[in-house]
Amino acid sequence: MKKFFLYLMAAFYVLAGLNHFRNPAFYMQIMPPWLPWHYALVLLSGVAEVIVGILLLIPRTRRPGAWLTILLLLAIFPANIQMAIDYYQAHNPALWIALLRLPLQGVLIWWAWLYTKRGYI
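All values derive from a computational prediction rather than experimental measurement. Going along each chain's sequence as written, the residues are numbered from 1 onward. The predicted nature of this model means local features are confined to residues of pLDDT at least 70 and side-chain atom pairs, given and counted, to a pLDDT of 80 or more, with totals for whole chains, interfaces and linings taken over all residues. Think of the side-chain values as coming from all heavy atoms in the structure, minus any hydrogens and water.

### With respect to the packing of aromatic side chains
Inference 1: Stacked, edge-to-face and tilted are the three classes for Phe, Tyr and Trp ring pairs, Trp counted by its six-membered ring, which pair at centre distances within 6.5 Å; planes under 30 degrees apart are stacked, over 60 edge-to-face, the rest tilted. One pass over the structure, following the stated rule, counts 4 aromatic pairs.
Inference 2: The interplanar angle of 75° and the centroid separation of 6.5 Å between the aromatic rings of Phe-5 and Trp-111 together place this pair among those described as edge-to-face. One end of the pair, Phe-5, is in helix α1 (residues 2–22); the other, Trp-111, is in helix α5 (residues 95–114), with 106 residues separating them in the sequence.
Inference 3: Accessibility expressed as a relative area gives 16% for Trp-111, which makes it buried.
Inference 4: On the basis of an interplanar angle of 85° and a centroid distance of 5.1 Å, the ring pair of Phe-26 and Tyr-27 is categorised as edge-to-face.
Inference 5: What links up through ring pairs into an aromatic cluster is the set Phe-4, Phe-5 and Trp-111. Segments assigned H or I by DSSP are reported as helices when at least four residues long, segments assigned E as strands when at least two residues long, and all are numbered from the N terminus. Throughout, exposure labels follow a simple rule: accessible area from a 1.4 Å probe, protein chains only, divided by the maximum for the residue type, with under 20% read as buried, over 50% as exposed, and the rest as partly exposed.

Written as structure tokens, this is what we have:
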């Protein structure tokens, strides 16, 4: 099961990263206004997600990939907060999804952390 969930996590990040290039408008709208270069950061975060997904698949780079995944999740957390704020202010009916994403980030960090341990898989 550990390998299944590892491959699932890796696929999730690769696909999510590729989605940054397929649908950058979604990510642009949740960028915090205080960050510069929104489009470049959307593309950069997409590249980062693809890279961590690939690193998780390679046994030799799995642990660093898991740590980089955690750092990436922390780096993109402000966008999730911004999304929740924007949805709240706009009375968006999908607010519940934006709010669910906030604690989900902690679950994703925990999931990646499991693969930072030597001998976990």
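### Some remarks on a nonpolar patch on the surface
Inference 1: A cluster of nonpolar residues, Leu-15, Leu-18, Phe-21, Val-47 and Ile-51, forms a patch on the protein surface that exposes about 460 Å² of accessible area.
Inference 2: Of all elements in the fold, only α1 and α3 (38–57) reach the threshold of two or more residues within the nonpolar patch.
Inference 3: Ranked by residue count, the leading element in the nonpolar patch is α1, at 3 residues.
Inference 4: Looking at the secondary structure, you find Ile-51 in helix α3.
Inference 5: Taking the relative accessible area as the measure of exposure, Ile-51 reaches 45% and is therefore partly exposed. Excluding any residue in a salt bridge, patches collect residues exceeding 30% relative accessible area, merging like charges within 9 Å and nonpolar Val, Leu, Ile, Met, Phe, Trp and Tyr side chains within 5 Å. All accessible-area figures derive from a Shrake-Rupley calculation using a 1.4 Å probe, and residue coverage is judged against the displayed protein chains alone. The term salt bridge refers to a side-chain nitrogen of Lys or Arg lying within 4 Å of a carboxyl oxygen of Asp or Glu.

### Quick notes on the environment of Leu-68
Inference 1: Here Leu-68 shows up in helix α4 (residues 62–89).
Inference 2: We classify Leu-68 as partly exposed; its relative accessible area is 41%.
Inference 3: Residues Leu-68 and Leu-100 lie 32 residues apart in sequence; the distance between their C-alpha atoms is 23 Å.
Inference 4: Contacts between residues were defined by any pair of non-hydrogen atoms, one from each residue, lying within 4.5 Å. The contact partners of Leu-68, leaving out residues within four places of it in the chain, are Val-52 and Leu-55.

### Observations concerning unusual backbone geometry
Inference 1: A positive phi angle, near 50°, is found at Trp-37, a position not held by glycine.
Inference 2: As for its placement among the helices and strands, Trp-37 is situated in the loop between α2 (24–29) and α3.
Inference 3: Here Trp-37 falls in the exposed class, since its relative accessible area comes to 66%.

### So, the confidence of the model for the protein
Inference 1: In the predicted model, the protein carries a mean pLDDT of 95, and 100% of its residues have values of at least 70.
Inference 2: On a range of 0 to 100, pLDDT expresses the predictor's confidence in each residue. α2 is the least confidently modelled element of the protein, averaging 94 in pLDDT, while α3 averages 97, the highest of any element.

### Notes on α3
Inference 1: With 20 residues, α3 extends 29 Å from end C-alpha to end C-alpha; this agrees with the ideal 28 Å at 1.5 Å per step.
Inference 2: Looking at the buried side of α3, the elements it contacts are α1, α2 and α4. Here the expected length of a helix is defined as 1.5 Å per residue gap, with one fewer gap than residues.

### Here we look at the packing of α4 against α5
Describing two packed helices takes the angle between their axes plus the distance from one axis to the other.
Inference 1: It is at 9 Å that the axes of α4 and α5 come closest, and there the two elements cross at 170°. If you check the angle between α4 and α5, you find them roughly antiparallel.
Inference 2: In this classification, Asp, Glu, Lys and Arg are treated as charged, Ala, Val, Leu, Ile, Met, Phe, Trp, Tyr, Cys and Pro as nonpolar, and every other residue, Gly included, as polar. By residue class, the composition of the contact of α4 with α5 is 20 nonpolar, 3 polar and 1 charged. Orientation is described by lines fitted to C-alpha atoms, with helices fitted over the stretch in contact, and by angles between N-to-C directions that extend from 0 to 180 degrees. Comment on the angle field: the value is read as roughly parallel under 35 degrees, roughly antiparallel over 145, roughly perpendicular from 65 to 115, and oblique elsewhere.

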